[in-house]
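Take a look at the letters that make up each chain.
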Amino acid sequence: MLREEPSGNLFGLTQNVGMGWSPASLGGPQYVIVSTHGGLRGEDGSPVALGYHTGHWEIGLLVRAAAETLRAAGAIPFAAYCSDPCDGRTQGTTGMFDSLPYRNDAAVVMRRLIRSLPTASGVMGVATCDKGLPATMLALAGCGELPGVIIPGGVTLPAVGSEDAGTVQSLGARFAQDLVSLDYAATMGCRACGSAGGGCQFLGTAATSQVVAEALGLALPHSALAPSGEPVWLELGARTALALVRLDALGIPIKRILTQHALENAMLVHAAFGGSTNLLLHIPAIAHAAGLRPPTLDDWIRVNRATPRLVDALPNGPRGHPTVQVFMAGGVPEVMLHLRRMGLLHGDVLTATGDTLDATLDWWTTSDRRREARARLAAATAVAPDDVIMGPDAARAAGLTSTVVFPVGNLAPEGAVIKATALDPSIVGDDQVYRHRGPARVFVDERDAIRAVKGATERPIRPGDVIVLIGTGPSGTGMQETAQITTALRYLPWGKHVALLTDGRFSGFSSGACVGHIGPEALHGGPIGRVRDDDLIEIVIDRGTLTGSVDLVGAAGQPLAPAACAALLEQREAHPGLAPHPALPADACGRRCSGRAAAPGPAACTTSIASWRRSRPVSTSPRR
């Protein structure tokens, strides 16, 4: 070694011993565990310094369990950290401007950390939530020559006699409308998290990202949505560590797992779960990082036409089971069994087990784990597992439809996105078509819009209105996520009768008549930036054909012919208040010039819809 090895490899051994590792145990394979762990816990688990959210608060326990297993197997584990923000904590604040840019930056940092241990024989990622887990998947996708696995960080338990972590985010709006008392709001705010760790109890971006990680084959079967802190969750650390050692022994790197067919499997599972529309940003980015062809619009439509939503979970309904009940009903493998019976899955892909997906699902069909989990759900909650995860015929009979629709129109010439499966059934016709025509209420600042929803303005939002929130795309806010408005509308009695259009994006928890990612964004000349108060807007979403339209159909409350509407949009100047947010950091702006990125930058997130519309691969570079 002294004659042949780089000095860095030798100094690394010195550092290992300096940190307390036995000199007699320096010869084993080295594995790096990169996680988003945040906060500092005492030995008894009590907080010494808080993390930003429950999603990264407990995953240090998974890191420890994995590391101890690797050490017992004669390997040398390394742990590196790149903590993540909380989208819920930054809703309605300027902190949200850094949310999506963080994903790219964290992926780069994690990848650099992995490559900075050049002696590593494999990599494990441990992450939970909205941006941290997509960043981890991006990082591992870019390290395709190494064996690699992911441990999803699990979910928070629902608390008895309380609102879930999504519902409580509407407390401000409900209190402002005199729907709840101060005492009720304070009590519910303290009870929403039934355990100290895990992602929120609903199928938002965090939970959907866990589902996608498993569907890609990067995580072990039945690992997504495990209840944080419980034995079935903690043992994932040990099991995943052994899986990583096996992948290394078999010579199976990430690039053999993360294939074009694995990508399509993940898209199918996303559709069957009714997952967050934010994964329409993350899945193409993962594909690009892995050197795969990103999905086109035609791919998304084909996948969503192939299967209805099969999972009844928050926030989609109809009953809205918490995510831990989806896990107990069988989680991802159970959904995949249905998809395989439908002839949709690519069963020959490899998974984190080292075996094919078909072999994994064959095991799952008769496993003790499946039988015991489903039986426990039925016994403990009187919930039938088949009412949580349904077959396609039962799902259609229950009114569950395909997940996403990509509407176009004179306000969205390059396309838009809506999670159509989450439209309230009472506002959808018997023909499975949602139709809404109403006056526009235009806002260039999310804070003004939520004040109007709360009734704190001279002209509050009323049933029938169409909120038009512009300037919230990459160039205006770094592609901020809008959740406080959509959450408020979901839990206000009249909120389902209000539609929302934006050139930004939504929280994965959002449901209802929310059309986002409208392109082009207003700050790049999109016609959505020329709408004025009291223009007439018409939205049509067909959940059967997966088509839709978003159009200006009148002005000043009066209908106009299509040609007149087109001329009006052509002649008008952009809204006078339209401008990038003054607090937008330079390094979060979609206009930043940073050269070709390893994954789509913020600016690509809206232009990608236009790329899908033209059936071309998703844009992968920040706009210069």
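Fair warning: this is a prediction, and the values are worked out from it, not measured in the lab.

A. Inspection of the overall build of the protein chain at higher detail. Broken down by element type, the protein chain carries 25 helices and 17 strands. Relative to its length of 624 residues, the protein chain is compact, with a C-alpha radius of gyration of 24 Å against a globular reference of 25 Å. Expressed along its principal axes, the backbone C-alpha trace of the protein chain runs to roughly 85 × 55 × 50 Å. Burial analysis of the protein chain (624 residues in total) assigns 62% to the buried set. Intrachain contacts of the protein chain at a sequence separation of at least 6 include 76% that bridge at least 24 residues. About 22,600 Å² of surface is accessible on the protein chain, with carbon and sulfur atoms providing 54% of the total.

B. View of the state of the cysteines. Scanning all chains against the criterion turns up zero disulfides. In this structure Cys143 is a free cysteine whose sulfur lies 13 Å from that of Cys82, the closest cysteine sulfur available. We note that Cys193 lacks a disulfide partner, and the nearest cysteine sulfur, in Cys200, lies 6.7 Å from it.

C. Structural view of the pairing of strand S12 (residues 499-502). The side-chain alternation of S12 yields two buried faces, one formed by Ala499 and Leu501 and the other by Leu500 and Thr502. In this structure, strand S10 (residues 466-469) lies alongside S12, joined through four bridges in parallel fashion. Paired with Val466 across the two strands is Ala499, which belongs to S12. Here S12 runs beside strand S14 (residues 514-515); their pairing, made up of two bridges, is parallel. By the bridge assignment for S14, Leu501 is matched with Val515.

D. Summary view of the sheet that holds strand S6 (residues 148-152). Judged by pairing direction, the sheet is parallel, and its four strands sit side by side in the order S4-S1-S5-S6 without closing on themselves. A single partner strand is all that each edge strand has here, and the edge strands are strand S4 (76-81) and S6. Taking each pair of neighbouring strands and ignoring which way they run, the sheet shows an average axis angle of 20 degrees. Judged from the six bridges that link them, strand S1 (residues 30-35) and strand S5 (residues 120-127) form a sheet pairing that is parallel. Across the sheet, the residue bridging to Ser35 is Val126, located in S5. Strands S1, S4 and S5 of the sheet are contacted by helix H5 (residues 99-115), whose axis makes an angle of about 165 degrees with S1.

E. Geometry of the pattern of salt bridges. For the structure shown, the criterion picks out 22 salt bridges. Across the pair Glu481 and Arg505 runs a salt bridge whose closest N-O atoms are separated by 3.3 Å. Of this pair, Glu481 sits in strand S11 (residues 481-482) while Arg505 sits in strand S13 (residues 505-506); the two residues are 24 residues apart in sequence, bridging distant segments of the chain.

F. Region of interest: the nonpolar core. In terms of nonpolar packing, the biggest core is built from 112 residues, with Ile114, Met124, Met137, Leu216, Leu225, Phe273 and Leu339 touching the most fellow members. Excluding anything up to four places from it in sequence, Leu339 contacts Leu268, Val269, Ala272, Thr307, Leu310, Leu344 and Leu345. Among the nonpolar cores identified, the runner-up in size contains 33 residues, and Leu411, Ala416, Ala513 and Leu546 belong to it.

G. Local environment of the environment of Ala80. Tracing the chain through its elements places Ala80 in strand S4. Distance in space between the C-alpha atoms of Ala80 and Val32 is 7.3 Å, their sequence separation being 48 residues. Apart from the residues lying within four places of it in its own chain, the contact partners of Ala80 are Ile33, Val34, Ser35 and Leu113.

H. Just helix H6 (residues 132-141), in detail. Counting buried residues along H6, ten of its ten residues qualify, which places the element largely inside the surrounding structure. Within H6, the full set of buried residues consists of Gly132, Leu133, Pro134, Ala135, Thr136, Met137, Leu138, Ala139, Leu140 and Ala141. In this structure, the buried residues of H6 make contact with H5, S5, S6, helix H9 (205-215), helix H11 (254-257) and helix H13 (279-289).

I. Region of the structure containing the packing of aromatic side chains. According to the stated counting rule, one finds one aromatic pair in the structure shown. Centroid distance Trp363 to Trp364: 5.9 Å. Interplanar angle 55 degrees. Geometry classified as tilted. Owing to a relative accessible area of 0%, Trp364 belongs among the buried residues under this scheme.

J. Seen up close, H9. Of all eleven residues making up H9, eleven are buried, and the element is well covered by its neighbours. Within H9, burial applies to Thr205, Ala206, Ala207, Thr208, Ser209, Gln210, Val211, Val212, Ala213, Glu214 and Ala215. Contacts from the buried residues of H9 go to H6, S6, helix H12 (260-273), H13, helix H15 (323-328) and helix H16 (331-341). Positive phi appears at Gly217, one or two residues downstream of H9, with a value of about 95 degrees.

K. Representation of unusual backbone geometry in the model. Following Leu314, the chain continues into Pro315 via a peptide bond in cis, with omega recorded as 0 degrees. With respect to the helices and strands, the residue Pro315 is situated in the loop between helix H14 (297-306) and H15. Note that the residue after Gly519, namely Pro520, is joined by a cis bond; omega there is 0 degrees. Residue placement: Pro520 occurs in the loop between S14 and strand S15 (536-542). Of note in this structure, Met479 is not a glycine but carries a positive phi near 70 degrees. Summarising the element assignment, Met479 is placed in the loop between helix H22 (474-477) and S11.

L. Representation of the environment of Thr259. Topologically, Thr259 is positioned in the loop between H11 and H12. For Thr259 and Arg293, which are 34 residues apart along the polypeptide, the C-alpha to C-alpha distance reads 9.6 Å. Residue contacts for Thr259: discarding those within four places in its chain leaves Leu292 and Val349.

M. Expanded view of the packing of helix H21 (residues 446-453) against helix H23 (residues 484-491). For the pair H21 and H23, interaxial distance at closest approach is 10 Å and the crossing angle is 15 degrees. Classified by the angle their axes make, H21 and H23 are roughly parallel. In this structure, the crossing between H21 and H23 has a hand that is left-handed. Residue-level inspection shows Glu446, Ala449, Ile450 and Val453 of H21 in contact with H23, the latter providing Gln484, Ile485, Ala488 and Leu489.

What counts and what doesn't
Residues numbered from 1 in each chain as written. Predicted model: local features only at pLDDT ≥ 70, side-chain atom pairs only at ≥ 80, totals over all residues. Heavy atoms only, no water. Helix = DSSP H or I, 4+ residues; strand = E, 2+ residues; numbered from the N terminus. Rg over C-alpha atoms; globule rule 2.2 N^0.38 Å. Buried < 20%, exposed > 50% of the residue type's maximum accessible area, 1.4 Å probe, protein only. Contact = heavy atoms within 4.5 Å. Areas by Shrake-Rupley, 256 points an atom, 1.4 Å probe, with all protein chains shown as cover. Disulfide = S-S within 2.5 Å. Pairing = 2+ DSSP bridges. Axes fitted to C-alpha atoms, helices over the stretch in contact; angles between N-to-C directions. Salt bridge = Lys/Arg side-chain N within 4 Å of Asp/Glu carboxyl O. Core = buried A, V, L, I, M, F, W, Y, C linked by side-chain atoms within 4.5 Å. Phe/Tyr/Trp six-rings, centres within 6.5 Å; stacked < 30°, edge-to-face > 60°. Parallel < 35°, antiparallel > 145°, perpendicular 65-115°, else oblique. Left-handed = near helix turned anticlockwise from the far one by under 90°.

No statement about biological role is implied by the geometric values presented.
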